[in-house]
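A closer look at the structure
Read off the chains here:
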Amino acid sequence: AFTFTLYRNDVILVDELAALEYYDTSAEAGTDYCYTATQTVGVGSPSGHSEPSCDDVYVASTCANAEALELDSINYMDGINGRNEWFSHTATIDGYLTVTSDIPGQMGGDTRVMIYAGACDNLIQVGYDDDGGTGLLTIATIVISAGETYLIEWTHNYSPGPSIWTAYEFPS
């Protein structure tokens, strides 16, 4: 019979593992880990360590964990099909907010944005754009109220790849 010892970052995570698969429930999202394993046959000595497998734990972007956007700066998105990315912004003025991927240095492709007000369990769409900028790029402007939080969802149905975008406020 085979058993395995699984290591995470050179520390034993599980000893005498008989299964061929293991789900690390103690892994923290966004953290880099390297895993290796040794194999023991019967009561023999363990084998040497396997080649390491290293990566960070993927954290799905959701309304609930939306990342704060940086106004008047370059913001980044991965642009992987099926992995929408959420950002949030609390308005600093009464006026307008423009969100756009139509900026110099854009290396991504076809972008689409949806903008919401309200709580995650009761979102109200207040803005949207698909291809309103140059070519397939996006530009959306909404009315904002100081102190209100708005959620920006970049939907990656078109696999734009890594892309950049910006947001800026201006008074009415």
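For clarity, every value in this text was computed on a predicted model and none was experimentally measured.

Details of the overall build of the chain
Helix and strand counts for the chain stand at zero helices and 13 strands. N-terminal to C-terminal, the α/β element order of the chain is β-β-β-β-β-β-β-β-β-β-β-β-β. On C-alpha atoms alone, the chain measures out to a radius of gyration of 23 Å, which is more than a quarter above the 16 Å that the 2.2 N^0.38 rule sets for 172 residues. Based on the C-alpha atoms only, the size of the chain along its principal axes is roughly 75 × 30 × 25 Å. Counting across all 172 residues of the chain, residues that qualify as buried make up 37%. Across the chain, every contact between residues at least 6 apart in sequence was considered, and the portion connecting residues at least 24 apart equals 68%. Summing over all exposed atoms, the chain offers an accessible surface of approximately 9,800 Å²; the carbon and sulfur share of this is 52%.

A few points about the environment of Val113
Along the chain, Val113 turns up in strand S9 (residues 112–117). The class for Val113 is buried, based on a relative accessible area of 0%. Between the C-alpha atom of Val113 and that of Thr100, which follows or precedes it by 13 residues, the distance is 8.5 Å. The contacts of Val113, once residues within four sequence positions are left out, are Val99, Gly127, Tyr128, Asp129, Thr138, Ala140, Ile152, Glu153 and Trp154.

Scoring rules and cut-offs
Residues numbered from 1 in each chain as written. Predicted model: local features only at pLDDT ≥ 70, side-chain atom pairs only at ≥ 80, totals over all residues. Heavy atoms only, no water. Helix = DSSP H or I, 4+ residues; strand = E, 2+ residues; numbered from the N terminus. Rg over C-alpha atoms; globule rule 2.2 N^0.38 Å. Buried < 20%, exposed > 50% of the residue type's maximum accessible area, 1.4 Å probe, protein only. Contact = heavy atoms within 4.5 Å. Areas by Shrake-Rupley, 256 points an atom, 1.4 Å probe, with all protein chains shown as cover.

These results come straight from atomic positions and should not be treated as a statement about function.
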